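# Topology and contacts: notes
One-letter residues, chain by chain:
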Amino acid sequence: VEARNKAYMRAVPSRERLLTQLEGVKIVEALSTGWIRIYFEREPNSVTRRTLTLAGFRWNPPAGAWQRHGNAASRAAVRRLAAELAVMPARQTGP
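Let me sum up the structure you'll find in this document. (Residues numbered from 1 in each chain as written. Predicted model: local features only at pLDDT ≥ 70, side-chain atom pairs only at ≥ 80, totals over all residues. Heavy atoms only, no water.)

### A look at the nonpolar core
Stated formally: We call a set of buried Ala, Val, Leu, Ile, Met, Phe, Trp, Tyr and Cys residues a nonpolar core when their side-chain atoms join them within 4.5 Å. Think of it in three bands: with a 1.4 Å probe and only protein chains considered, a residue is buried below 20% of the maximum accessible area for its type, exposed above 50%, and partly exposed in between. Note on conventions: DSSP H or I runs of at least 4 residues are helices, E runs of at least 2 residues are strands, and numbering of each starts at the N terminus.
In terms of nonpolar packing, the biggest core is built from 14 residues, with Ile27, Ile38, Phe40, Leu52 and Phe57 touching the most fellow members. Where this core is concerned, the elements lending two or more residues are strand E2 (25–30), strand E3 (35–40) and helix H3 (72–87). With five residues, H3 is the single largest residue contributor to this core.

### Looking at the pattern of salt bridges
Definition in use: Whenever Lys or Arg places a side-chain nitrogen within 4 Å of a carboxyl oxygen from Asp or Glu, that contact is recorded as a salt bridge.
Tallied over the full model, the rule gives four salt bridges. Glu29 is paired through a salt bridge with Arg75; the nearest N and O atoms lie 2.7 Å apart. Placement of Glu29 in strand E2 and of Arg75 in helix H3 is noted, with a sequence separation of 46 residues between them. Assessed through its relative accessible area of 8%, Glu29 is described here as buried.

### A look at the environment of Asn60
Keep this limit in mind: Contacts are assigned to residue pairs with any non-hydrogen atoms lying within 4.5 Å of each other. Within 3.5 Å is the distance limit for a polar contact, defined as a pair of N or O atoms, with the added protein rule that one can donate a hydrogen and the other accept it, and that residues adjacent in sequence qualify only through two side-chain atoms.
Assignment of secondary structure puts Asn60 in strand E4 (residues 58–60). Sequence separation between Asn60 and Arg37 is 23 residues; the distance between their C-alpha atoms is 9.1 Å. Those residues in contact with Asn60, other than ones at most four positions away along the chain, are Arg37, Ala65 and Gln67. A polar contact is formed between the side chain of Asn60 and the side chain of Gln67, at a distance of 3.2 Å.

So this is what it looks like as C-alpha cells:
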C-alpha cells in the first residue's frame, strides 16, 4: 500500500506552493486544503515548538507538519517565524 501511495504522489502534480525554504525548514501552502504547513527535517526543539504553538500552528501527524489555516494572519505569522528561524538556526532542531 505504501509503495502505491508513493507512486501516486509522484504521478500527481504537487498541490503545494513553496512559500519559504530555510536550512532544514520548508514552508508551503497546501492549495487543495488551504493550510499553510511547516515541514522540519528534524524534530524542532521545545522552544521552537512553543513558538509555533503561540503563532497558531498545530502539529498534524498524518501530514508530518505544523499547520495553520491559510489567511492573512497566518501569512504574517509565517513571515515572522521565517525571520526568527533564519537568524536562530540552532533553534530549528533538537530535543
